Structure formats: structure tokens, C-alpha cells
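Spelled out, the chains give:
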Amino acid sequence: NLERSMLRKRSATLLSRRWSSTSAAPAGWLTSWSTEVQNWISMEKGGQEKRQNRDMPTRDQNFDHEKWSIHKDPKRHVRHFVTWGYSAATQRILFPDLALIFSSSALLTAFNHVAEIPMYMPPEPIVLPSVALGLLITFRTNTANMRYNEARCLWGEIVNTSRDITRIALQWLPQSNDDKFGKAQSAKVCRMTKAFNIVLKYHLTIDGGNPDDRVSRTDPELPSKVKEELRKELSMVCFSPSDPVQAQELEDCLNSSHRPLWAIQQMCDASHAGIWARCGDRPDRALRDGQLLERHFQRLCGAMGACERIHRTPIPTAFTRHCSRFLMVWCNAMPFVLWPIVGTATPLAATFVSWAMLGTEDIGVQVEEPFDVLPLFQYCQGIAATCDGMVKDAHNNMITLSKDLEFQRTGPQILVEDMVERSFNNNNNRRTAAAH
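In this report, the structure presented in the accompanying data block is examined. (Residues numbered from 1 in each chain as written. Predicted model: local features only at pLDDT ≥ 70, side-chain atom pairs only at ≥ 80, totals over all residues. Heavy atoms only, no water.)

## Some remarks on the pattern of salt bridges
One pass over the full model with this rule turns up twelve salt bridges. We note a salt bridge from Arg-92 to Asp-362, for which the minimum N-O separation is 2.8 Å. Taken together, the residues Arg-92 in helix H4 (residues 88-114) and Asp-362 in helix H13 (residues 346-368) connect sequence positions 270 residues apart. The exposure classification of Arg-92 matches that of Asp-362, with both residues buried. Between Arg-231 and Glu-251 there is a salt bridge; the shortest N-O distance is 2.6 Å. (Salt bridge = Lys/Arg side-chain N within 4 Å of Asp/Glu carboxyl O. Helix = DSSP H or I, 4+ residues; strand = E, 2+ residues; numbered from the N terminus. Buried < 20%, exposed > 50% of the residue type's maximum accessible area, 1.4 Å probe, protein only.)

Here it is, written out as C-alpha cells:
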């Protein structure tokens, strides 16, 4: 009896625990599910909470470990279905494209229900040109992706070159910690390096490429507002308005007809002044050191020119226009083929097929202008953070300058000319000995 009573108590305890856990589980599950759905929505929006108009593209953001885990999550298909309404491509084609196709399909369906002779056609006129339409859309989408990839590679080159310029300027322009002129020139090179990336971002986008402070593209005061945004960003990142020299540099930058090229020229001027000051009575050193930085300035200028080429040269517009016309005729003719097959479901079927085709074409058109989709603001933030970090290291004397080196030479210096001449003589002696 005692054992039976103990077993009854244990079973009652287990049942109560299970009941309490199952009653508490739904609340915790709903909370975690709600949080996960919010993360999905934020991921679908690209992290952009301020997309005022549906025609604005969603700018992607740099991926980190968390975003990659969400991107590769096994529940991604459910996530994409739940966040369907937040899709930028769907929102862009919703009106008037899908609305027009759904309306025409509904009118056709209603007419066929009341008409003695319904309107429909065999599937061949739709099926036969489908291959050509698919190839045309595939060509446009692949070409747009190639432009996107090239733009990303160019900005990767800009990021790497900006780091190299900052590193070389902080290492070689000042001769020692007491060289105020060299330090001033290296600081100017660092400022202009950060300014170049910011003004190039504004040069390639209509609204500056920022995610949160988007100016409406239909605003009649768009140029003035974008210029004020540029002034504000340059003041926060590059130039100090309280410094008269930097305040003048800011005004000169804003008033320049080609701001990225102006920033490169200012980098050249500052590096030229610092190199010429440290060369002393050896002007050949100025040429040697100047060529070192000049190669990096040329890389920046080349990347900038390539970005301008992508921005100003679209895919041949004949392809875009023909693809758009072909697709709209094909989608609006689709209900005539679907009605004998699906009947009253024709509007839904036609809208779904049109959504798939028009959405793919719309994504290709958006990616065709890659600088409106790439997170240029994050690239600029990364460059500014890297430059500021190296400047901080220089202020903390973590970068050893030329005249601050403490070492003793173990022997006389060997000039390159002497080494070449000695090697040439040794080779001649060996050839003479071999001939004898």
C-alpha cells in the first residue's frame, strides 16, 4: 500500500508538471514566433524602415553572421511567404500592372459567363512566344546582375585603395613626431580620402544613398535638400566647421563642379607638399615617393570613371522597351487561354502568372542601376572608421616615423648602382674564365 501511494504521488506530480509546461508553452512559442516574424520583416525590408514610396528600391545591407544565418535558415520559404506583402518588387508592380491584368481578367470572366459565345483562344499563340520571352527576360536579368557585380567590385577597389592611401600618408608624409607640416598634410590626405567616398556616393545616387534620410524624388527642392544632407554628412565625418581651414575646404568641396575629382586633386596637392618638404636636397626622392601615391590616386580615378560609365550607360534601351511591351501583351492575353481551363479562377491564375513574370523583369530593371541598390552608405562608414582608427593609432605614437627610428647600421650602405655594376663585372669574369 505504501508503494502504491508513493507511485500515485509521483504520477500526480509528473502530470502537474506536464500540464504546467504545456500551458506555459503556447505563450512562449507565440512570443518567440512574433519576434522571429518581426526579424523576417526587417530582413525583407533590408533594414530600411523609411521607404516613403513603394517605387523606391530597397537598399541591401552588408551581411554579418546573424543575417547569413537568417538568410540560410531552413524556414526561409515560410519567411518569404509571410513577408510577401513587404516585397519591394511586389509593391512596385501591384499598381497599375497587376491591377490592370486582374481587372481585364475579371471583365473577361464576367463576359464569358453571360455571353452566348465566350471569348477565348487556343494556347499556341501564348506558348510559342514564351521561349523567346523567357530568353529575353533572362538576358536582361543576367546582364543587370553583371553590372551589379562589377559595381560591387569597383567599390571594393575603392575601399582597399582608400585604406592604402591613409596608411601610406600617415607613415611617410611626416618625418617625425615633431614635423607639424608633414602631420598637417597627412591629416588633409585622410580628410580628403573620407570626403572622396562620401561625395562619390552622392555623385552616383539621386538622394545620397542614405537609408534613413531619404528625400522624396518628386520634391521640387530635391537638389537643395540633398546638398544640405551632403554638407551635414561631410561636417560630421570629414571637416570641422570650427576650423577656418577645414570650413573653407568644405565650402570649396560643395561648390565644386565635380566633387569626387576635386577631392582627388586635394589629396594630390597635400601629398605633393608633404613629399617635397621631406625630400631635402634630393628632388629625385620626391619623384619616387610621389609615384608611390600617384598610383593609388590613379586607381581611385579609374574606379570613379568606371562607376560613372555604369551609371550613365544602361542596357540598350531597345531591349528594355521591347521586353516591357512583349511582357504586357503576353500577360494581358493570358486570360483568353486560361479561361477554358480554370474558368472562374481565371483572374487569380492570370494575376499569379503575371506576378511571377513581371516581378522577375522588375528586379532586373532595379538591379540595372546598381548604385541605387548597393549599401554605399555602409561602405563609406567602413572607410571612415578605418581611416579614423589609423589616425588614432598615429596620435598614440603607434606608427613609427622615419626620423624616430632608433637603430645602428652594422655596416656601410650598399648602393643599388654598385650592386648592379659588381654583378655585371662578376658575370663578365665568369664568362671569360669559361671561354678560356
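## Quick look at the environment of Ser-176
For Ser-176, the position within the fold is in the loop between helix H6 (130-172) and helix H7 (180-204). Here the alpha-carbon distance between Ser-176 and Leu-401, two residues 225 residues apart in the chain, equals 5.3 Å.

## Regarding the nonpolar core
Ranked by internal contacts, the top residues of the largest apolar core, which has 50 residues, are Trp-155, Ile-158, Phe-196, Leu-234, Met-267 and Phe-371. Contributions of two or more residues to this core are made by H6, H7, helix H8 (222-237), helix H9 (244-255), helix H10 (259-278), helix H11 (283-312) and helix H14 (376-395). Per-element accounting of this core gives the leading share, nine residues, to H7. By size, the runner-up hydrophobic cluster in this structure holds 18 residues, among which are Phe-326, Ala-333, Val-337 and Ala-350. (Core = buried A, V, L, I, M, F, W, Y, C linked by side-chain atoms within 4.5 Å.)

## What about the environment of Val-329?
Of note, Val-329 is situated in helix H12 (residues 317-342). The exposure class assigned to Val-329 is exposed, which follows from its relative accessible area of 58%. Remark: the alpha-carbon pair of Val-329 and Ile-126, spanning 203 residues in sequence, is separated by 9.9 Å.

Purely spatial values, then, with no claim about function.
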